Amino acid sequence: MSISTKIVDDFVANGIEFVTTVPCKQLAGVIDEVEAREEIYHIPSNKEDEGMGLCAGAFMGGKRPAIIMQNTAIGVTINTLVTLTQYYRMPLPMLISYRGELREPVACQVEMAVHTKALLNQLNIPTYHFHTESDADELDTILKYTFMCNKPVAILTDASFWGGYGDQ
Amino acid sequence: MIRSEVLREIAPILRDHLVVCNIGLPSQELHMIDDQPSNFYMLGTMGLSSSIGLGVALAQDKTVISIDGDGSVLTNFGTLPTIANNVADNFILLIVDNGSYGSTGDQPTYAGKKTSLAAVAKACGCENVIECQDKDTGEVLQKAIESKKMTIIVCKCDSGNIKLPVITMDPVVIRDRFMKSVQA
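1. Looking at the overall build of chain A
- When you go through chain A residue by residue, the secondary structure sums to seven helices and six strands.
- In chain A, the succession of α and β elements from N to C terminus is α-β-α-β-α-β-α-β-α-β-α-β-α.
- In terms of overall dimensions, chain A is globule-like: its C-alpha atoms have a radius of gyration of 15 Å, near the 15 Å expected for 168 residues.
- Projected onto its principal axes, the C-alpha coordinates of chain A cover approximately 45 × 35 × 30 Å.
- With 168 residues in all, chain A has 48% of them scored as buried.
- Excluding contacts between residues fewer than 6 apart, the proportion of contacts in chain A whose partners are at least 24 apart in sequence is 77%.

The following block contains the structure:
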């Protein structure tokens, strides 16, 4: 089973029916998998704060949401995370491609990577870092934890987790 | 008519539906005019009224009305293509377009100058877009609800505010009673 299939299986097993995505090269496989599943309404967003608004609405409408995005999005969603998701106490699993880590070919990505964990820490967002494929064994538990505590939770997935960027 | 007068006029229509209300004065005005558990007041995140409302509409069957402003739509322009491409026939976006950022002191917006939000919404692919004058908003809104077609209403009205208190209700209470209205 591919890692993307396993991730989306865990989403579905945890009742996630509404997923918004902003693409990243690393996330292409998992986004395809979300799109392919009949159990999930996939709604691409133009910007991640818009996506978090959609997720807040879906949650209040009775569906469990999730967002899939790149770590650069932390820079544009802090206000939304704080004054919507956290302030109204809503659950939001955030599957995040952690660009700018080991094996990253694009130097600019490192500039946001060095702030990513510090920002999440500052926001008191529970954060998990998937570095090897077996780390995803915990995803099911992380999703249960997210919907138990009604908080945004970050799952950072780096290049090594996704198998790198090919030959370099 | 200014925004608070429009809201006062449409309040009897709004009270039977789920309403997501824009941050700042619009929420404060609706809260004062006709507070309902089915109103979700945004206390933060300017621009996301339409996104939150679309999310609610896609997740369940009751009619959802997002009350937005021209300035707020301008700040989250990406919402219009998302709405156009994810049709929810129980969703109405009511943009109160007074050509100004009301909550921050009536600074002019581009929607009050050359930019037509109705034209933008149409260009984004929204199929039922109606621009109306303030006094006609109630009738247009009622027809949109009855049509059971996703509709974008751009209500042109005057700029201006009334003095009123901030909302002190706890956000979790706002969210909880709104969710109970969804489930009722």
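From this point, the narrative continues.
2. With respect to the pairing of strand 4 (residues 91-97) of chain B
All names here are of chain B.
- In terms of burial, strand 4 is largely enclosed, as seven of its seven residues are buried.
- Here strand 4 shows a buried face lined by Phe91, Leu93, Ile95 and Asp97 and a second buried face lined by Ile92, Leu94 and Val96.
- Bridge analysis of strand 3 (residues 64-69) against strand 4 gives six bridges, and the strand direction is parallel. Each residue of the ladder has a partner; that of isoleucine 65, found in strand 4, is isoleucine 92.
- Bridge count between strand 4 and strand 8 (residues 151-156): six bridges; the pairing is parallel. Paired with leucine 94 across the two strands is isoleucine 153, which belongs to strand 8.

3. What to know about unusual backbone geometry
- For asparagine 124 of chain A, which is not a glycine, the phi torsion comes out positive at approximately 55°.
- Residue class for asparagine 124 of chain A comes out exposed when judged on the 11 C-beta atoms lying within 10 Å of it.
- Phi angles above zero are rare outside glycine, and lysine 148 of chain B is one such case at about 55°.
- Looking at the element boundaries, lysine 148 of chain B is found in the loop between helix 7 (137-147) and strand 8.

4. Looking at the nonpolar core
- Core analysis: the biggest nonpolar cluster contains 96 residues, and Ile68 of chain A together with Leu94 and Ile153 of chain B have the highest contact counts within it.
- Those residues in contact with isoleucine 153 of chain B, other than ones at most four positions away along the chain, are Ile92, Leu94, Ile95, Ile130, Cys132, Val140, Leu141 and Ala144 of chain B.

5. Details of the interface of chain A and chain B
- Taken together, the contact pairs 25 residues of chain A with 26 residues of chain B.
- For the side of chain A that touches chain B, the elements supplying multiple residues, two or more each, are strand 2 (41-44), helix 3 (48-60) and helix 4 (74-86) of chain A.
- A per-element tally of the side of chain A that touches chain B places helix 3 of chain A first, with nine residues.
- Across the side of chain A that touches chain B, the residue classes break down as 11 nonpolar, nine polar and five charged.

6. What about helix 7 of chain B?
Residue and element names in this part refer to chain B.
- Buried residues of helix 7: Thr137, Val140, Leu141 and Ala144, and no others. With its buried residues spanning 100° around the axis, helix 7 presents them on a single face. Of the residues in helix 7, the exposed ones pointing more than 90 degrees away from the buried face are Glu139, Lys143 and Glu146.
- Of the surrounding elements, those touching the buried residues of helix 7 are helix 1 (3-14), strand 4, strand 7 (129-133) and strand 8.
- Immediately beyond the C-terminal end of helix 7, within one or two residues, lies lysine 148, with a positive phi of roughly 55°.

7. Let's talk about the confidence of the model for chain B
- For chain B, the average pLDDT comes to 97, and 100% of its residues sit at 70 or higher.
- Across the assembled chains, the prediction reports ipTM 0.97 with pTM 0.97.

8. Description of helix 2 (residues 28-36) of chain A
Residue and element names in this part refer to chain A.
- Every buried residue of helix 2 is listed here: Val30, Ile31, Glu33 and Val34. Down the axis, helix 2 shows its buried residues gathered within 160° of arc, on one side only. Projecting away from the buried face of helix 2 at angles above 90 degrees are the exposed residues Asp32 and Ala36.
- The elements touched by buried residues of helix 2 are helix 1 (3-13), strand 1 (16-21), strand 2 and strand 3 (64-70).

9. Remarks on the packing of helix 1 of chain B against helix 7 of chain B
Residues and elements named next belong to chain B.
- The contact between helix 1 and helix 7 brings their axes to 9 Å, and the two run at 30°. In terms of orientation, helix 1 and helix 7 fall into the roughly parallel class. With respect to the hand of their crossing, helix 1 and helix 7 are arranged in right-handed fashion. Contact residues: helix 1 offers Val6, Glu9, Ile10 and Ile13, while helix 7 offers Thr137, Gly138, Leu141 and Gln142.
- Partitioning the contact of helix 1 with helix 7 into residue classes produces four nonpolar, three polar and one charged.

10. Observations concerning the packing of helix 1 of chain A against helix 2 of chain A
Residue and element names in this part refer to chain A.
- Taken N-terminus to C-terminus, the directions of helix 1 and helix 2 make an angle of 50°; their axes are 9 Å apart at the nearest point. On the basis of the axis angle, helix 1 is oblique to helix 2. Regarding helix 1 and helix 2, the two cross each other, and that crossing is right-handed. Here helix 1 contributes Ser4, Thr5, Ile7 and Val8 to the contact with helix 2, which in turn contributes Gly29, Val30, Glu33 and Val34.
- Residue classes in the contact of helix 1 with helix 2 are distributed as four nonpolar, three polar and one charged.

Parameters at a glance
- Residues numbered from 1 in each chain as written.
- Chains lettered and ligands numbered in written order.
- Predicted model: local features only at pLDDT ≥ 70, side-chain atom pairs only at ≥ 80, totals over all residues.
- Helix = DSSP H or I, 4+ residues; strand = E, 2+ residues; numbered from the N terminus.
- Rg over C-alpha atoms; globule rule 2.2 N^0.38 Å.
- Buried ≥ 20, exposed ≤ 12 C-beta atoms within 10 Å, placed from the backbone.
- Contact = placed C-beta atoms within 7 Å.
- Pairing = 2+ DSSP bridges.
- Core = buried A, V, L, I, M, F, W, Y, C linked by C-beta atoms within 7 Å.
- Nonpolar A, V, L, I, M, F, W, Y, C, P; charged D, E, K, R; others polar.
- Arc of directions from axis to C-beta.
- pLDDT = per-residue confidence, 0-100.
- Axes fitted to C-alpha atoms, helices over the stretch in contact; angles between N-to-C directions.
- Parallel < 35°, antiparallel > 145°, perpendicular 65-115°, else oblique.
- Left-handed = near helix turned anticlockwise from the far one by under 90°.

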